[in-house]
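Analysis of the macromolecular model
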Amino acid sequence: MIQLSARTGAMHKIGFTMLAPLLLALWLPLSIAADSNADVDRILALEADVDYGEYLAGDCQTCHQAVATGGAVPVIAGQEASYLIKALLSFKSGERENQVMQSVTQGLGDEEIAALALYLSNL
Ligand code: HEC
């Protein structure tokens, strides 16, 4: 009995030592995700200019068609604004990798992203 509880005690210690880096590894992406949600909320709260969004979206429609073409380019028209903002921010930060979209988003500030999200989500 005594021997058994000593062993569980040791296993408990090992368990925690092994768990600590795992918890840290889980916490890091969670805290990054929390940051990016705060960024999405901040941009959603901006007073966006829908006409500016329409103007900017002229550059997107060569690739992004209004309906799915079955290719690699997703439909962005009519998507949820928060979804669009999140996608654009993650391309911009490089968190989401795509050469074309990473370069498209380099030129977009918060105001542009807000305007595009407002315009595209209302299509
Ligand atoms: C040269 C072609 C091209 C242009 C121009 C372009 N995109 Fe994209 N876009 C893509 C491709 C390809 C993908 C898919 C990338 C992936 O899945 O990694 C994509 C993905 C996206 C996504 C993610 C959609 C999803 O459901 O995951 C958004 C949002 C987006 N683009 C917005 C825009 C906006 C806004 C513009 C204009 C400012 C734009 N794109 C211009 C090619 C383009």
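Description of the structure in this document. Every value quoted in this text rests on a predicted model; they were computed, and no experiment measured them.

The rules behind each value
- Residues numbered from 1 in each chain as written.
- Predicted model: local features only at pLDDT ≥ 70, side-chain atom pairs only at ≥ 80, totals over all residues.
- Helix = DSSP H or I, 4+ residues; strand = E, 2+ residues; numbered from the N terminus.
- Buried ≥ 20, exposed ≤ 12 C-beta atoms within 10 Å, placed from the backbone.
- Axes fitted to C-alpha atoms, helices over the stretch in contact; angles between N-to-C directions.
- Parallel < 35°, antiparallel > 145°, perpendicular 65-115°, else oblique.
- Contact = placed C-beta atoms within 7 Å.
- Nonpolar A, V, L, I, M, F, W, Y, C, P; charged D, E, K, R; others polar.
- Near = placed C-beta within 6 Å.
- Left-handed = near helix turned anticlockwise from the far one by under 90°.

All right, on to the overall build of the protein chain then. In terms of helices and strands, the protein chain carries 5 helices and 0 strands. Its helices and strands in sequence order give the protein chain the pattern α-α-α-α-α, from N to C terminus. Burial status across the protein chain gives 19% buried among its 123 residues.

Running from amino to carboxyl end, helix α3 (residues 81-93) crosses helix α4 (residues 99-106) at an angle of 95°, the nearest separation of the two axes being 8 Å. In terms of axis orientation, α3 runs roughly perpendicular to α4. Across the interface between the two elements, Leu88, Phe91 and Lys92 from α3 touch Met101, Gln102, Thr105 and Gln106 from α4. Its residues assigned to classes, the contact of α3 with α4 shows 3 nonpolar, 3 polar and 1 charged.

Turning to the site of the ligand, a few remarks are in order. Surveying the vicinity of the ligand reveals 18 residues, the closest of which are Cys60, Cys63, Pro74, Ala87 and Asn98. Residue assignment for the shell around the ligand shows that the elements contributing at least two residues are α3 and α4. For the shell around the ligand, the per-class residue count stands at 14 nonpolar, 3 polar and 1 charged.

Looking now at the packing of α3 against helix α5 (residues 110-121). The interhelical angle for the contact between α3 and α5, taken along N-to-C directions, is 140°, at an axis separation of 9 Å. The orientation of α3 relative to α5 falls into the category oblique. Two packed elements cross with a definite hand, and for α3 against α5 that hand is right-handed. The residues of α5 that touch α3, namely those facing Ala81, Leu84, Ile85 and Leu88, are Ile113, Leu116, Ala117, Leu118, Leu120 and Ser121. For the contact of α3 with α5, the residue count by class is 9 nonpolar, 1 polar and no charged.

Without other data, these values stay purely geometric and don't point to any function.
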